[in-house]
Amino acid sequence: MVAAIAVSTVAFPQSPRRVIIDTDPGTDDAMAIILALNSPEFKVEALTVVPGNVVAKQGLENALKIVSLAGRCDVAVAAGAQHPLNQKLITAEFWHGKNGLADIELPPSKCTADPRFGPDLIIEMIHKYPHEITLIPIGPLTNIALALSKDPSIASLVKEVVIMGGSINGGNVNAAAEANIYNDPDAASIVFNANWSSLTMVGSDVGERTLFTRAYLQELESAHGPQTDFISAVAKFLLGMAEKYGDIGTAMYDPLAVGAAIDPTIITTKPMRVDVETRGQFTRGETVANRRNYVERNVLHGDRYWIEGIDQVQPNAKVCVSSDADKFLKMFVSRIKGK
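Just so you know, these numbers come straight off a predicted model, no measurement behind them.

Cut-offs applied
Residues numbered from 1 in each chain as written. Predicted model: local features only at pLDDT ≥ 70, side-chain atom pairs only at ≥ 80, totals over all residues. Heavy atoms only, no water. Helix = DSSP H or I, 4+ residues; strand = E, 2+ residues; numbered from the N terminus. Rg over C-alpha atoms; globule rule 2.2 N^0.38 Å. Buried < 20%, exposed > 50% of the residue type's maximum accessible area, 1.4 Å probe, protein only. Contact = heavy atoms within 4.5 Å. Lys, Arg positive; Asp, Glu negative; His and termini not counted. Charge placed at Lys NZ, Arg CZ, Asp CG, Glu CD. Pairing = 2+ DSSP bridges. Axes fitted to C-alpha atoms, helices over the stretch in contact; angles between N-to-C directions. Phe/Tyr/Trp six-rings, centres within 6.5 Å; stacked < 30°, edge-to-face > 60°. Lys NZ or Arg CZ within 6 Å of the ring centre and 35° of its normal. Patch = residues over 30% accessible without salt bridge, like charges linked within 9 Å, V, L, I, M, F, W, Y side chains within 5 Å. Areas by Shrake-Rupley, 256 points an atom, 1.4 Å probe, with all protein chains shown as cover. Salt bridge = Lys/Arg side-chain N within 4 Å of Asp/Glu carboxyl O. Disulfide = S-S within 2.5 Å.

A.B. asks: Lay out the overall build of the protein with the relevant residues and their values.
C.D. replies: When helices and strands are counted, the protein shows 14 helices and 13 strands. The C-alpha radius of gyration of the protein comes to 21 Å, within 12% of the 20 Å expected for a compact globule of 339 residues. Considered along the principal axes of its C-alpha atoms, the protein spans approximately 75 × 65 × 40 Å. Out of the 339 residues belonging to the protein, those deemed buried represent 53%. Taking as baseline every contact in the protein between residues at least 6 positions apart, the subset at least 24 positions apart corresponds to 80%. Averaging the coordinates of the 31 positive side-chain charges in the protein and doing the same for the 38 negative ones gives two points 3 Å apart.

So this is what it looks like as structure tokens:
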């Protein structure tokens, strides 16, 4: 009888969740992708490539090399948009190296690109696996906006969206805007206004409080293998850049978003209404978050407005306000080491 009870209470692991990562493969994207590929909670179905950190062609090459390094040619890798919706592309080789991967030359890819257009692949997979796909955009939101524009129904068919982008406490490209949103604010506005069942925004402000330091690098370098050595070299490059500009560690922007999708307890979120500024001279690309989820109701009386009350606004995002940095970084190092 005791044995029967013991057997009946065994908790079997859940099936891996299907994931699509939309990415502009630079250094922290590579760290995020390798983390996802080494996490048993995920079945990474596809990488769709968007220009951002590097141009689209270089991004596709980088994505193919990363999945090849991981021995994961089963993951579909598809090219997407070649430029933002309504503005010139801004690339970030300054921060990521000339090839976007810290100038590390990975072996030629053994994987081949999927012939489908990235946004079409996103649409197809969401319809193939309704309410099963976790969508993790960690670059500019151009591909996601194109997919939504072509087929708005996908918003209600996605299980959840976890975005690395935005900030509610200032930007990282200027005073107001975070890089992914700044690179295509019009696309970001489309995405934040879609009717997703669940959207989480993991912003640069929290990424900058989740720092990979020399101590974590030392632990990572204690193991060796193709993936571990690559990520260690990327991390060393990023740490050198961070220290050059006075920081004690490198911000884990994209990896934190993937970590939050793996284990939501890593972050703390608050529901907020988030809108994207698309016109401001100084604020284009800013994610404007309504922390109170209401606005004052101003009614015109003669030559002035009276505040007559407040109107509620509906939150459209779970905004990350903090992270358990040590918990996440220990998980990151462990997964990269293959533990």
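Back to the write-up after that little detour.
A.B. asks: Residue-level account of the sheet that holds strand β2 (residues 42-49), with values.
C.D. replies: Taken together, the 9 strands give an open sheet; going across it, the order is β3-β2-β1-β4-β5-β6-β13-β9-β10, and neighbouring strands pair in mixed fashion. A strand with exactly one partner marks an edge of an open sheet, and here the two such strands are β3 (76-79) and β10 (287-290). Across the sheet, the axes of successive neighbouring strands diverge by a mean angle of 30°, strand direction being ignored. Sheet topology places strand β5 (residues 160-164) next to strand β6 (residues 199-202); 4 bridges connect them, and they run parallel. The residue bridging I163 from the neighbouring strand is M201, located in β6. Across the face of the sheet, helix α5 (residues 118-128) comes into contact with β1 (17-23), β2, β3 and β4 (133-137) while running at roughly 150° to β2.

A.B. asks: I'd like a description of the packing of aromatic side chains, backed by residues and values.
C.D. replies: Per the stated rule, a full pass over the model turns up 5 aromatic pairs. Relative to Y216, the ring of F212 has its centre 6.1 Å away and its plane inclined at 35°; by these criteria the two rings are tilted. The exposure class of Y216 is buried, given its relative accessible area of 15%. The rings of F212, Y216, F328 and F332 are connected pair by pair, giving a single aromatic cluster. We note R18 situated over the ring of Y129; from NZ or CZ to the ring centre the distance is 3.7 Å.

A.B. asks: An account of a nonpolar patch on the surface is needed here, citing residue identities and associated values.
C.D. replies: Judged by side-chain polarity, F94, W95 and Y245 come together as a nonpolar surface patch covering roughly 370 Å² of accessible area. Mapped onto the secondary structure, W95 falls in helix α4 (residues 93-96). For W95, a relative accessible area of 44% gives the class partly exposed.

A.B. asks: If you had to explain the pairing of strand β13 (residues 317-323) to someone new, which residues and values would you point to?
C.D. replies: Bridge analysis of β6 against β13 gives 2 bridges, and the strand direction is parallel. Directly across from M201, in β13, lies its bridge partner V319. With 6 bridges joining them, strand β9 (residues 267-276) and β13 adopt antiparallel strand pairing. Bridging from a neighbouring strand, I267 pairs with S323 of β13.

A.B. asks: Got a sec to walk through the environment of N298? Specific residues and values, please.
C.D. replies: In this fold, N298 is placed in strand β11 (residues 294-301). The class of N298 is partly exposed, set by a relative accessible area of 45%. Along the sequence, N298 and D311 sit 13 residues apart, while their C-alpha atoms lie 10.0 Å from each other. Residues within four places of N298 in sequence aside, it is in contact with Y305, W306 and I307.

A.B. asks: So what's going on with the pattern of salt bridges? Which residues, and what values?
C.D. replies: This model, assessed by the stated rule, comprises 17 salt bridges. E41 is the salt-bridge partner of R335, the closest N and O atoms lying 2.9 Å from each other. Highlighted residues: R335 in helix α14 (residues 325-336) and E41 in the loop between α2 (27-37) and β2, separated in sequence by 294 residues. D263 is the partner of K327 in a salt bridge, and the nearest nitrogen-oxygen pair spans 3.5 Å. Residue K327 is found in helix α14, and its partner D263 is found in the loop between α13 (253-262) and β9; the two are separated by 64 residues along the sequence. Classification of K327 by relative accessible area gives partly exposed; the value is 37%. Linked by salt bridges that have partners in common, R18, K43, E45 and E132 make up one network.

A.B. asks: Which residues make up the state of the cysteines, and what values do they have?
C.D. replies: Working definition of a disulfide: a covalent bond connecting the sulfur atoms of two cysteines. Per the counting criterion, the structure on display carries 1 disulfide. Across the disulfide from C73 sits C111; the S-S distance is 2.0 Å. Torsion about the S-S bond of the C73 and C111 cystine: about -80°, corresponding to left-handed handedness. Linking C73 in the loop between α3 (56-69) and β3 with C111 in the loop between α4 and α5, this pair joins segments that are 38 residues apart in sequence. Exposure remark for C111: the relative accessible area of 8% places this residue in the buried category.

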